[in-house]
Amino acid sequence: KISKLKIHDGRIYILDSKYRQGIFVFDSAGKYLFKICKSGRGPGEYKEINDFDVYKDYIVILAYKSALFYNLNGEFLYKRNFSWIAENITIKNDKEVFLFQNTFLNKREFVPFHIIKSNLHFKKNVLYLRPIKQEYHEFYRFQVYNDRVLLTSPPLYINTIYDIDNENIYPF
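**Overview of the nonpolar core**
Line of reasoning, step 1. Within the largest apolar cluster, 16 residues are counted, with the highest numbers of intra-cluster contacts made by Tyr 13, Ile 23, Tyr 46, Ile 59 and Ile 61.
Line of reasoning, step 2. Elements with a contribution of two residues or more to this core: strand E2 (11-16), strand E3 (22-27), strand E4 (32-36), strand E5 (49-55), strand E6 (58-63) and strand E7 (66-70).
Line of reasoning, step 3. Counting 13 residues, the second largest nonpolar core, distinct from the first, contains Tyr 55, Leu 62, Phe 69 and Trp 84.

Pasting the structure below:
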């Protein structure tokens, strides 16, 4: 099952989420190039993939409490750990990385919907946004469109596209 498809610099990146096997990479003609399928606990390995994004020279895989960075040939570079689980990622630029979280923020606070805005190195959490309604589902995806970050959900859940600016989330 294809859960995400991303086109970057003439390559097609596909996340297989049925078995969370990995990311498959093809050229623009559809020829298979390689896959990132590194299940495990060692360097460059992950238990399962929650999401991914491709930005500049990086493939960034969002896994349990971490982001793993690979080059565009699928070679592991480094890992950044978090103290929380993020389900979705989009990288707008070096200073604006958006992560969606639908989990416990800490041992006492459950956050049904939480967006964390950080930089590419995940060293500083800049902004925590909560949308207007709290009955949102975990099936969200970010999209970058015309230098704007949009939040979408499959039509079965919510049929509104939301725009995320520096301070708020509002219908697009």
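**Concerning the side chain of Ser 66**
Line of reasoning, step 1. As for its position among the elements, Ser 66 is in strand E7.
Line of reasoning, step 2. Excluding residues within four positions of it along the chain, Ser 66 makes contact with Ile 61, Lys 79, Arg 80, Asn 81 and Phe 82.

**A closer look at the pairing of E7**
Line of reasoning, step 1. Burial within E7 is extensive, with five of its five residues counted as buried.
Line of reasoning, step 2. The side-chain alternation of E7 yields two buried faces, one formed by Ser 66, Leu 68 and Tyr 70 and the other by Ala 67 and Phe 69.
Line of reasoning, step 3. In the sheet, E6 pairs with E7 via five bridges, with the strands oriented antiparallel. Bridging from a neighbouring strand, Ile 59 pairs with Tyr 70 of E7.
Line of reasoning, step 4. With antiparallel pairing between neighbouring strands as the criterion, E6 and E7 make up a hairpin whose turn holds two residues, including Lys 65 at a positive phi of roughly 55 degrees.
Line of reasoning, step 5. As paired strands, E7 and strand E8 (residues 76-81) are joined by five bridges and run antiparallel to one another. Its bridge partner lying in E8, Leu 68 is registered against Lys 79.
Line of reasoning, step 6. Hairpin connection of E7 to E8: five residues between the antiparallel strands, including Gly 74 at a positive phi of 85 degrees.

Thresholds, definitions, all that
Residues numbered from 1 in each chain as written. Predicted model: local features only at pLDDT ≥ 70, side-chain atom pairs only at ≥ 80, totals over all residues. Heavy atoms only, no water. Core = buried A, V, L, I, M, F, W, Y, C linked by side-chain atoms within 4.5 Å. Buried < 20%, exposed > 50% of the residue type's maximum accessible area, 1.4 Å probe, protein only. Helix = DSSP H or I, 4+ residues; strand = E, 2+ residues; numbered from the N terminus. Contact = heavy atoms within 4.5 Å. Pairing = 2+ DSSP bridges.

None of this, on its own, says anything about what the molecule does.
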